[in-house]
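# Structural overview
If you want the building blocks of each chain, they are given just below.
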Amino acid sequence: MSLRFRADIDYLRAVAVISVIGFHYGIPGFQGGFVGVDIFFVISGHLITRLIWAGIHAGNFSFWEFYDRRARRLLPALYVMVLGTGIGAWFLAAPDDYRMFFESAVSTVLFSSNIFFWLQAGYFDLPSVGKVLIHTWSLAVEEQFYFLFPLLTVLWSKRFRDPTTRLSLILLLAGTVALCIADELLIKNSAPAAFYLSPLRGWEFLIGGFSFLLERWSPADVRWRLAMAIAGALLMLAPVVLFTGATRFPGFQALIPCLGAASFIMAFNREDGRPIPLPFRRTGLFLGRISYSLYLWHWPVFVLGTVAMPITWAGSPTAITGLLACSFALAYLSYRLVETPARGRTAWLGIRTSGLIATAATILLAIGAAGILQRGFPDRFPQTAQRMLRYTAATMAPLYGAPNCFLEPDEPFAHYRRSECLTPASNKINILLFGDSTAAHYVPSLRNHLDPNRYHLLQLTSGNCSPFVDLHHDTLRNCDALNATFRRVLRDHGIAAVILSAHWRNYIDLYGSSDTSKFDAYLEATLSATENAGIPVLMFGPSIEFPGPLAANLVRYELTHLPTGQMLKVTPASFTADTHVAALAGRHRNVQFVSVLAAVCHGHTCPLTVDPETTLVWDTIHLTPEGSRHVVQRLAPALDGFLDRLHPAPELVQQTGAPLGPIGPVLR
């Protein structure tokens, strides 16, 4: 089944892949480059719709031929990338990361990596070698589309031999709009699902299908075609420049680049007269040809290369240039030595290519299963390094109160166990720990420090949820409910005090990028609510934060002795945030501020380890159990002083004739 070559499609592939690479590599001007994936989806929708309907109308469409061509097009290059990445990760990945790599590799071979990474999405996750295959989620979405769409199209052809009839187009449009609305609605309740799951991305492929089905209505006049191409280019490129990681996405926002890609394609549907010029045509077509291999290799090269190089180099223009050059070199080799031969041959040495692909998949699955069963082959590292790396998101989350008292951002508030986490004890002094994960990481040590016969610790915490009672959160699923619950707890007067902690440095960046006025107003509202309720507050300052995962960087230094630059020093912005938050706390009579940084660090030098095999934090900011205990020991004088003030002094009781109640005198 032969179809005419479309130069504009290859050119569009180049736009998409360069956008994604620019975003992943942090190149200025590409902060919205993630929309390149959506452009790829539109391209796939156009090509697959065109291919299937051409076969149906010619009367020779074959499911076997379709899937055989897709397999030869996608899988050999993918399998080589997975194998090469696994070899590189052997030397660089911590055991838990390497185990996750094998899990993701298995899911990639089984066309389900989007589901795997959706299920793995969590607040404690950091970019790591364990997620070096995360970019394959989009390939899984495409592969799932390929499984279902041909069957649905053939069934559709039984009813609509001509898919461009009015009724057919109206029904297809209705389905596209419905899926887009569902995607938008789900962002609030489950942003990862809206991002990763193929049914909720299906409308993007359908938009690509429309760019083919509307071919007869595509303009023929070169002036209209040029206008449509320019409009499409602007709709694609504007999000690349203007969108950011904070943009509500995909949903309705994804319509912009998708409609831009469809408009660009339609501008070339009927190129009967003078062709539309493509800027940098030769370069664009070359990049378009290698775009698949370039997409496959750019992220593993970036992750493994960044981990392998001296930390002082990471992120520098020289390092980025070198990684880009390596990505392009591997992509070209993959295109010439793997992609092109596999696409052009149905057999090799008398063996069908499909059989070779199935054999390769079986071998990769066997290797992946072995890596999972061997827990990432921890014996690659010395025992001390294994101990240093023993804490992970999976082991720490339960200690922080998950899943009942500590929620992840994507969890509904219904998962919070109020009866277990927020019910006061009638015969004890009830203290509420309120905040995000940097409040939750104090749970083990606070429970150990507080006398269980006198104090009852309540917990109201959620990852990445700023404890700002007046802030509406668009994408965090439980944060508004969490803050509303805090207001109700203050009104109920069932608690004697609040311990407040949050990732203050991060929230200053989020809500006060140009100035801190918004952050100040949000924090003031929370502190004023406690003051109006007459509840004393012990407010912990910013936690000790490092630029990269502390345990992994220490192990890497011990094994390689490569320079670490600033990676083993506390983020300077934390000290600035500490001073700023302390000043805000000082405006409220009921708030006692305690600086974690001042209590634990000497100047700007902070401890890295609690003992020779245990770091203070296990990622960049979250305390290990030993680290939590160490910090609370340093905070003990301030903490004990705060607790003492919760008890009415005997002489005050004698003078007034009555106790002061559970709150006690306000704190300065």
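Before any of the text, the structure's been laid out above.
What this report covers is the structure whose coordinates are included nearby. Remember, it's a predicted structure, so these values are computed and weren't measured experimentally.

Across all of its chains, the model carries three disulfides by this definition. A sulfur-sulfur separation of 1.9 Å characterises the disulfide bridge that pairs cysteine 465 with cysteine 479. Looking along the S-S bond of the cysteine 465-cysteine 479 disulfide, the torsion reads about 85°, which is the right-handed sense. In this pair, cysteine 465 is assigned in the loop between strand S5 (455–462) and helix H21 (479–492) and cysteine 479 in helix H21, connecting sequence segments 14 residues apart. On the accessibility criterion, cysteine 465 (1% relative accessible area) is buried. You can call cysteine 479 buried: its relative accessible area is 0%. The thiol of cysteine 180 is unpaired, and the distance to the nearest cysteine sulfur, on cysteine 258, comes to 8.4 Å.

With that settled, the discussion passes to the nonpolar core. Membership of the largest hydrophobic core comes to 101 residues, with the highest contact counts inside it found for Leu12, Tyr25, Leu78, Tyr79, Leu133, Phe264 and Leu296. In this view, leucine 78 contacts Thr108, Thr136, Leu139, Glu143, Tyr292 and Leu296; residues no more than four positions away in its chain are not counted. With 42 residues, the next largest nonpolar core counts Cys405, Leu460, Phe519 and Val581 among its residues.

Here we come to unusual backbone geometry. Following phenylalanine 249, the chain continues into proline 250 via a peptide bond in cis, with omega recorded as 5°. Following the sequence through the fold, proline 250 ends up in the loop between helix H10 (222–242) and helix H11 (255–266). The linkage connecting alanine 402 with the following residue, proline 403, adopts the cis geometry, with an omega of 5°. The phi dihedral of phenylalanine 111 is positive, around 60°, even though this residue is not glycine. Residue placement: phenylalanine 111 occurs in the loop between helix H4 (95–109) and helix H5 (113–120). Positive phi values are uncommon outside glycine, yet arginine 375 reaches one of about 55°. Summarising the element assignment, arginine 375 is placed in the loop between helix H15 (353–373) and helix H16 (383–388). Looking at arginine 375, the relative accessible area reads 56%, which means it is exposed.

This brings us to H21. Since the α-helix advances by 3.6 residues per turn, residues separated by three or four positions end up pointing in the same direction. The terminal C-alpha atoms of H21, which comprises 14 residues, lie 20 Å apart, in line with the 20 Å expected from a rise of 1.5 Å per residue. Along H21, the positions that sit buried rather than exposed are Cys479, Leu482, Asn483, Thr485, Phe486, Val489 and Leu490. Relative to the axis of H21, the buried residues are bounded by an arc of 155° and lie together on one face. Among the exposed residues of H21, those oriented more than 90 degrees off its buried face are Arg491 and Asp492. Looking at the buried positions of H21, the neighbouring elements they touch are helix H18 (418–421), strand S4 (429–435), S5, strand S6 (497–501) and helix H23 (517–533). Count one or two residues on from H21 and you reach histidine 493, which has phi positive near 55°.

Here the focus is the pattern of salt bridges. If you walk through the whole model with that rule in mind, you get 17 salt bridges. Close ionic contact of glutamate 613 with arginine 387 constitutes a salt bridge, the shortest N to O distance being 3.1 Å. Note that glutamate 613 is positioned in the loop between strand S9 (609–611) and strand S10 (614–615) and arginine 387 in helix H16, a separation of 226 residues in sequence. By relative accessible area, glutamate 613 is classed as partly exposed at 27%. What makes arginine 387 partly exposed here is its relative accessible area of 38%. Among the ionic pairs, arginine 390 bridges to glutamate 626, the shortest N-O distance being 3.3 Å. Of the two residues, arginine 390 is situated in the loop between H16 and helix H17 (393–396) and glutamate 626 in helix H27 (residues 625–644); the sequence distance between them amounts to 236 residues. Because the salt bridges share partners, they merge into one network encompassing Asp38, Arg201 and Glu204.

About the thresholds
- Residues numbered from 1 in each chain as written.
- Predicted model: local features only at pLDDT ≥ 70, side-chain atom pairs only at ≥ 80, totals over all residues.
- Heavy atoms only, no water.
- Disulfide = S-S within 2.5 Å.
- Helix = DSSP H or I, 4+ residues; strand = E, 2+ residues; numbered from the N terminus.
- Buried < 20%, exposed > 50% of the residue type's maximum accessible area, 1.4 Å probe, protein only.
- Core = buried A, V, L, I, M, F, W, Y, C linked by side-chain atoms within 4.5 Å.
- Contact = heavy atoms within 4.5 Å.
- Expected span 1.5 Å × (residues − 1).
- Arc of directions from axis to C-beta.
- Salt bridge = Lys/Arg side-chain N within 4 Å of Asp/Glu carboxyl O.

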